[in-house]
Amino acid sequence: MTAITIFNGLFCDAESVVKEVVDITGYSLVTDIDVIDEAARLSGISQKTILKSFPSGRGTPKPDHFRSKRVFRALRFAMAKMISEKQDIVFWGYMSLLPPPSIENLLRVCLIDGMDARVCKATQQKGYPIADAREHIRNDDSIRSNLILDVTDCNDPWDSSLYDLLIPVTSTGIKESANIIVQQLASNEQDSLSFQKSMDDYLLESSVQTTLADKGYDVFVSAKEQSLIISFEDHQNVLDNMSLHLTETISGFEGVEGVEVGVGDRYNPNDIFQRVPRLRTPKDHYSAKPSSLESVGLLGDGVDDTALALEIQNSLLNQDLDVSVAAKNGFVSISINDHRSTLTHMARYLCDSISKQEGVKDVDISVGRKYYQMSGYMRMRKQYAEAFIADDNREFVLALSDRVQQRERKGTFVSPDRPVKRKTLSNITRSAPQKNRMYLYR
């Protein structure tokens, strides 16, 4: 096993469990601040900038969209580098959520307790009044819930499917919680070849994602044996980058004094399969009557403006872009008419750029599931998430995820209710009692 990742709720004795695990295994402890330092070193983003986009107990800031996406990609790349270069480490904190499920040789752990147990610990350990303790815990749960919404498709921060082990610490005990974690660690049969392949893919996809984020592209990248799938995640981001691309292209034309880009009446952002109108050819433009040129917005105040608009229009037509162009006194206005051609153009541009990167065999472009998620949809997801964390009567039991149960059936992981097959691992001398059994939380 290469690493353990531990995520936890507030007042769940996580620090004590982590210390126990580190003492037993001899693994090195890596906290969020360590990952932030590494991300700052690799990306050139200052630590202060990263911390502004980072959840904290004082609340969640609302940073600039581009900055937060860029920071997220940098942190993910830093995690990939640390996992690939270091062995025998325990990641504890928010960053434990960043590695994808495809990394098989990670043991993902969540430490959590019911609200009553956590409130009791808050009053005993920190002296909080009961009402203040409950509010403080809910605020922290909300921050963690928002982080889960950002990095996964799950609305519940304590969903057992996100982890290999979900452990209620109070009912299990600190030492026993650590023992269970170590048991699963010791019984893992490591496939070094499979792990290396998954790490190579993880490094490649996080590197490409970081490179594109630095350029302002909000995309999700997945890799399989050096083949990349790039998914556009945000329609507005695609439109913004297309506008920037058009502005840079058109600014190179002689006689252009300024450029503005917008969308036309025929632009449909909700259908990537919309029917594309027949694009006008250069012959159509030059044979058209002045009245028809006025109707499509190509006629400026003078001959020079009309010629400039036609030149730009024809150049963009050659790139299969359905746009309308108007010019006046050297200032050019572009109306994007078709979403599908815009998406195709940006996909072709990204493919050409990424295919040149070392280690990339081929590139495929798609539209991600989040591409059309409007603000109303995200509000609904947050409402569902709030319902999970607001449930004071929720109880937790010791749980294995479906993924780990499949491994356990193959002998990859061991369950505490079966005899433990001993393996050579320094400092591991104890096993969980037979009475402790694993249950799937539902």
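First, a word on what this report is: a plain description of the structure on this page.

Calculation criteria
- Residues numbered from 1 in each chain as written.
- Predicted model: local features only at pLDDT ≥ 70, side-chain atom pairs only at ≥ 80, totals over all residues.
- Heavy atoms only, no water.
- Pairing = 2+ DSSP bridges.
- Helix = DSSP H or I, 4+ residues; strand = E, 2+ residues; numbered from the N terminus.
- Contact = heavy atoms within 4.5 Å.
- Axes fitted to C-alpha atoms, helices over the stretch in contact; angles between N-to-C directions.
- Parallel < 35°, antiparallel > 145°, perpendicular 65-115°, else oblique.
- Nonpolar A, V, L, I, M, F, W, Y, C, P; charged D, E, K, R; others polar.
- Patch = residues over 30% accessible without salt bridge, like charges linked within 9 Å, V, L, I, M, F, W, Y side chains within 5 Å.
- Areas by Shrake-Rupley, 256 points an atom, 1.4 Å probe, with all protein chains shown as cover.
- Salt bridge = Lys/Arg side-chain N within 4 Å of Asp/Glu carboxyl O.
- Polar contact = N/O pair within 3.5 Å; in protein donor to acceptor, adjacent residues only side chain to side chain.
- Core = buried A, V, L, I, M, F, W, Y, C linked by side-chain atoms within 4.5 Å.
- Buried < 20%, exposed > 50% of the residue type's maximum accessible area, 1.4 Å probe, protein only.
- Arc of directions from axis to C-beta.

## Overview of the sheet that holds strand 1 (residues 3-8)
Here is step 1: Strand order in the open sheet formed by 6 strands is 2-3-1-4-5-12, with mixed pairing between adjacent strands. The open sheet has two edge strands, strand 2 (28-31) and strand 12 (399-400), and neither has a second partner.
Here is step 2: With 4 bridges joining them, strand 2 and strand 3 (residues 89-92) adopt parallel strand pairing. Paired with Ser 28 across the two strands is Ile 89, which belongs to strand 3.
Here is step 3: Strands strand 2 and strand 3 of the sheet are contacted by helix 2 (residues 32-43), whose axis makes an angle of about 70 degrees with strand 2.

## Regarding the packing of helix 10 (residues 235-250) against helix 14 (residues 339-354)
For any two helices packed against each other, one specifies the inter-axial angle together with the distance between the axes.
Here is step 1: Close contact between helix 10 and helix 14 brings their axes to 10 Å; oriented N to C, the two are set at 75 degrees. It follows that helix 10 is roughly perpendicular to helix 14 by the angle criterion. Note on element contacts: helix 14 touches helix 10 through His 339, Thr 342, Leu 343, His 345, Met 346 and Tyr 349, opposite His 235, Val 238, Asn 241, Met 242 and His 245.
Here is step 2: For the contact of helix 10 with helix 14, the per-class residue count stands at 5 nonpolar, 6 polar and no charged.

## Side note on a nonpolar patch on the surface
Here is step 1: There is a patch of nonpolar side chains on the surface, built from Met 380, Tyr 384 and Phe 388 and spanning about 300 Å² of accessible area.
Here is step 2: Along the polypeptide, Met 380 turns up in helix 15 (residues 375-389).

## Details of the side chain of Asn 337
Here is step 1: Checked against the element boundaries, Asn 337 lands in the loop between strand 10 (331-336) and helix 14.
Here is step 2: Here the side chain of Asn 337 touches Ser 324 through a polar contact of 3.0 Å, side chain to side chain.

## Observations concerning the nonpolar core
Here is step 1: By size, the foremost hydrophobic cluster in this structure holds 41 residues, and its most contacted members are Val 35, Ile 50, Leu 75, Met 79, Ile 83 and Phe 91.
Here is step 2: If you list the elements that add at least two residues to this core, you get strand 1, helix 2, helix 4 (65-85), strand 3, strand 4 (106-112), helix 6 (130-151) and helix 9 (192-214).
Here is step 3: When residues in this core are grouped by element, the largest group, 8 residues, is from helix 4.
Here is step 4: Apart from residues no more than four positions distant in its own chain, Ile 50 is found in contact with Ile 36, Ala 39, Ala 40, Ile 45, Val 71 and Leu 75.
Here is step 5: In terms of nonpolar packing, the next biggest core, distinct from the first, is built from 39 residues, Leu 212, Leu 228, Leu 246 and Leu 308 among them.

## With respect to helix 5 (residues 115-125)
Here is step 1: Residues of helix 5 that are buried include every one of Met 115, Arg 118, Val 119, Lys 121 and Ala 122, and no others. Buried residues in helix 5, looked at end-on, bunch into an arc of 160 degrees, giving them a common side. Along helix 5, exposed side chains directed more than 90 degrees from the buried face belong to Asp 116 and Gln 124.
Here is step 2: Where helix 5 is buried, its residues contact strand 4, helix 6 and helix 7 (169-172).

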